[in-house]
Amino acid sequence: MLGYRSDPETCRYLPFEPQTADDVDRFLTTRAARPVLDSPDSSVPLGVALPHGGPLVGDVIVFVRSRPDECVELGWIIAAEHRGQGYAAEAAEALLAFAFDEVQAHRVVARMDPGNAASASVAERLGMRREALLIEAERIKGEWVDTLYYVLLEREWRASHP
Ligand SMILES: CC(C)(COP(=O)(O)OP(=O)(O)OC[C@H]1O[C@@H](n2cnc3c(N)ncnc32)[C@H](O)[C@@H]1OP(=O)(O)O)[C@@H](O)C(=O)NCCC(=O)NCCS
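From a predicted model like this one, the values you see are computed outputs, not experimental measurements.

(A) Main features of helix α4 (residues 87-102). A rise of 1.5 Å per residue sets the reference length of α4, with its 16 residues, at 22 Å; its end C-alpha atoms lie 22 Å apart and thus fit the reference within 8%. Listed as buried for α4 are Y87, A88, A89, A91, A92, L95, L96, A99 and F100. Following α4 by one or two positions, Q104 adopts a phi angle in the positive range, close to 55°.

This is the structure:
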């Protein structure tokens, strides 16, 4: 995990700077140690590992954004040397099933910098709709950035997963 989370290229569009061992320890002992979806910003982070005891190649996450609105957000990271093999898409497809079937989400969003073509491709592969482009609506790492919203409603997901 430290290998890919300390990689500047991997972190380019993530909301954090390349991480240290202490940062990864903090993530594992706080957020990852309490995988419960009960309040805004609570989350379930999951590792993405290759089968048969293979290596960890990345991690994905489901966040609660608004409990009353049943809105959750997904995130995905795959180590550079394991990209382009469908791992993010496969893991994110499992997250969608978890979000709609287990969490009873009404609306699932994925947010990204419009320059993050790889992440947008993952969202499109999942059948998410490109819904909005917010201009300089948030400051990430000291810079005002645009944010692209991809969205999937439960009824849209059920229509393609009868
Ligand atoms: C985004 C990311 C998770 C994609 O991981 P991945 O395992 O390579 O993605 P997949 O192999 O599942 O590819 C899914 C789709 O994206 C496409 N894709 C992957 N990388 C791409 C790229 N650099 N440019 C354009 N499309 C790309 C694939 O071709 C595939 O499309 P298809 O279904 O039409 O064939 C990975 O690039 C990453 O970790 N980036 C850094 C972290 C990050 O920015 N996370 C997202 C923050 S919003």
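(B) Helix α5 (residues 117-125), seen in detail. Those residues of α5 that fall on the buried side of the exposure criterion are S119, A120, V122 and A123. On an axial view of α5, the arc spanned by its buried residues comes to 155°, and they lie on one face. Away from its buried face, by an angle of more than 90 degrees, α5 presents the exposed residues A117, A118 and R125. In this structure, the buried residues of α5 make contact with β3 (71-78), α4, β4 (107-112) and β6 (143-153). Backbone geometry just after α5 places G127 at a positive phi near 85°.

(C) Molecular detail of the sheet that holds strand β2 (residues 56-66). A sheet is described by the order of its strands in space; here 6 strands give the open sequence β1-β2-β3-β4-β6-β5, paired in mixed fashion. For this open sheet the edge positions go to β1 (43-49) and β5 (129-140), each flanked by a neighbour on one side alone. For this sheet, the mean angle separating the axes of adjacent strands, direction not counted, is 25°. With respect to the sheet, α4 is in contact with β1, β2, β3, β4 and β6, its orientation differing from that of β3 by roughly 160°.

(D) Just the layout of surface pockets, in detail. Looking at the largest pocket, its volume works out to about 1400 Å³. For the largest pocket, the lining is made up of 49 residues, of which Y13, L14, W76, I77 and N116 are closest to its centre. Considering every element that reaches the lining of the largest pocket, the biggest residue donor is β3, with 6 residues. Taken together, the residues of the lining of the largest pocket sort by class into 20 nonpolar, 11 polar and 18 charged. Each pocket or cavity is described by its volume, and for the second largest pocket that value is around 160 Å³. Contributing elements (two or more residues each) for the lining of the second largest pocket: β1 and α4. Among the elements that make up the lining of the second largest pocket, the one with the highest residue count is β1 (4 residues).

Each value, and the rule that gives it
- Residues numbered from 1 in each chain as written.
- Predicted model: local features only at pLDDT ≥ 70, side-chain atom pairs only at ≥ 80, totals over all residues.
- Heavy atoms only, no water.
- Helix = DSSP H or I, 4+ residues; strand = E, 2+ residues; numbered from the N terminus.
- Expected span 1.5 Å × (residues − 1).
- Buried < 20%, exposed > 50% of the residue type's maximum accessible area, 1.4 Å probe, protein only.
- Arc of directions from axis to C-beta.
- Contact = heavy atoms within 4.5 Å.
- Pairing = 2+ DSSP bridges.
- Axes fitted to C-alpha atoms, helices over the stretch in contact; angles between N-to-C directions.
- 1 Å grid on protein atoms, 1.4 Å probe; cavity = no way out; pocket = protein on both sides within 12 Å on 5 of 7 lines; lining within 4 Å.
- Points joined across faces, edges and corners; volume = space filled by probe spheres on them.
- Nonpolar A, V, L, I, M, F, W, Y, C, P; charged D, E, K, R; others polar.

Coordinates in, geometry out; function isn't part of it.
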